[in-house]
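Next come the chains, spelled out residue by residue.
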Amino acid sequence: MGRHEGQDPCGDGLNADNKDPTGCQGAQLVKRQQRSSPHSPLMSYEAMSLDVQHLLARLGVTKCVLLGHSMGGKTAMALALQRPDLVERLIAVDISPSTTAAVSEFSAYVAAMKSVQIPDGLPRSAARRLADEQLRPVVQLAELRQFLLTNLVEVEGRYVWRVNLEAISHHLSDIMNFPVFHKPYPGPTLFLGGSNSPYISPKDYPEIRRLFPKADIQFIEGAGHIVHQDKFEEFMTAVLNFLPAP
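Overview of the structure. (Residues numbered from 1 in each chain as written. Predicted model: local features only at pLDDT ≥ 70, side-chain atom pairs only at ≥ 80, totals over all residues. Heavy atoms only, no water.)

Further remarks concern helix α3 (residues 71-82). For α3, which comprises 12 residues, the first-to-last C-alpha distance of 16 Å matches the rise-based estimate of 16 Å (1.5 Å per residue) to within 8%. In terms of burial, α3 is largely enclosed, as 11 of its 12 residues are buried. Of all the positions in α3, only M71, G72, G73, K74, T75, A76, M77, A78, L79, A80 and L81 are classed as buried. (Helix = DSSP H or I, 4+ residues; strand = E, 2+ residues; numbered from the N terminus. Expected span 1.5 Å × (residues − 1). Buried < 20%, exposed > 50% of the residue type's maximum accessible area, 1.4 Å probe, protein only.)

Every buried residue of helix α11 (residues 232-242) is accounted for by F235, M236, A238, V239 and F242. Viewed along the axis of α11, the buried residues span an arc of 165 degrees, placing them on a single side of the element. Pointing more than 90 degrees away from the buried face of α11 are the exposed residues E233 and N241. (Arc of directions from axis to C-beta.)

Moving on: the pairing of strand β3 (residues 152-155). Summarising the sheet, β3 and strand β4 (residues 158-161) pair through 4 bridges and their orientation is antiparallel. Considered in β4, the bridge of L152 is made with W161. Hairpin connection from β3 to β4: 2 residues lie between these consecutive antiparallel strands, with E156 at a positive phi of about 55 degrees. (Pairing = 2+ DSSP bridges.)

Attention now moves to the sheet that holds strand β5 (residues 189-194). With respect to topology, 4 strands assemble into an open sheet ordered β1-β2-β5-β6, the strand pairing being parallel. Each end of this open sheet is capped by a strand with a single partner; those strands are β1 (64-69) and β6 (215-220). Shown here is a sheet whose adjacent strand axes are inclined to one another by a mean of 15 degrees, direction ignored. Sitting on the sheet, α3 touches β1, β2 (87-93) and β5, and the angle it makes with β1 is about 145 degrees. Packed onto the sheet, α11 meets β1, β2, β5 and β6 and runs at close to 170 degrees relative to β5. (Axes fitted to C-alpha atoms, helices over the stretch in contact; angles between N-to-C directions. Contact = heavy atoms within 4.5 Å.)

What follows covers the pattern of salt bridges. Under the criterion given, the structure shown has 6 salt bridges. Salt-bridge contacts for R136 lead to D132; the nearest nitrogen and oxygen are separated by 2.9 Å. The partner of E207 in a salt bridge is R210, and the shortest N-O contact between them spans 2.8 Å. Of this pair, E207 and R210 both sit in helix α9 (residues 205-211), 3 residues apart, which is roughly one turn of that helix. The network of salt bridges with common partners includes D132, R136 and R145. (Salt bridge = Lys/Arg side-chain N within 4 Å of Asp/Glu carboxyl O.)

Before going further, it helps to examine the packing of aromatic side chains. Aromatic ring pairs are described here by two measures, namely the spacing of the ring centres and the angle between the planes. For the coordinates displayed, the defined rule picks out 4 aromatic pairs. Each member of the aromatic cluster is reached from another via a ring pair, and the members are Y45, F178 and F181. Note that R89 overlies the ring of F242, its terminal NZ or CZ placed 5.3 Å from the centroid. (Phe/Tyr/Trp six-rings, centres within 6.5 Å; stacked < 30°, edge-to-face > 60°. Lys NZ or Arg CZ within 6 Å of the ring centre and 35° of its normal.)

Tracing the backbone shows T100 in the loop between β2 and α4 (106-115). What makes T100 buried here is its relative accessible area of 4%. Here T100 is in contact with K74, I95, I175, M176 and Y199, once residues within four sequence places are set aside.

A few words on the packing of helix α2 (residues 45-59) against α3. For the pair α2 and α3, interaxial distance at closest approach is 8 Å and the crossing angle is 75 degrees. Taken as axis vectors, α2 and α3 run roughly perpendicular relative to one another. For the pair formed by α2 and α3, the contact residues are Y45, E46, M48, S49, V52 and Q53 on the first element and M71, K74, T75, A78, L79 and Q82 on the second. In terms of residue class, the contact of α2 with α3 is built from 6 nonpolar, 4 polar and 2 charged. (Parallel < 35°, antiparallel > 145°, perpendicular 65-115°, else oblique. Nonpolar A, V, L, I, M, F, W, Y, C, P; charged D, E, K, R; others polar.)

So this is what it looks like as structure tokens:
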């Protein structure tokens, strides 16, 4: 749950005039419920998959490599399972097609964000410091707090969260779970986890293999859930090695 600019380092690595080092064109997507994208009362992986499908159609893209982190990874998986004809390769970053309720503190983070109170008119730096202090008792990792704080924006002198926390709160069970699919995605798939993160574990492997029979499961040593931030160079190397040769 970080604003779309939070993925920009990867965009810089994979994008130069929207082209990655393999010569492929690239686009970064913003999930629904983020302030720069339309908000909706509906928030399911099937709905978010349709959002991406509609965008691909508007862009005239008939085949793509999909990369998604966390919720974005589940959205990418759902799209690949719904429309495998659209997905040449799939990369799911630190997430599996299993329920994450047992290992996720997501609901606590959402509650902590909703409880943040910032006086109007504060300079941005002061507002971020105050929000950081209020989040610290629940979100103890400084790197994760900074990731969440990318959602804090100023609108007409007031500080608000870019993401629609109310909609997210109402759909936590959908977010923590994954839709039921019976037909597997036949294409090459990379599950790229952080070695210090619990979001991909051996108990998830049977479901990964069932839905993604060509899956390669890799872990980046020393990375947590935000793999692309914790170990950027190693992350980029793994992604580029998985992409097709030019």
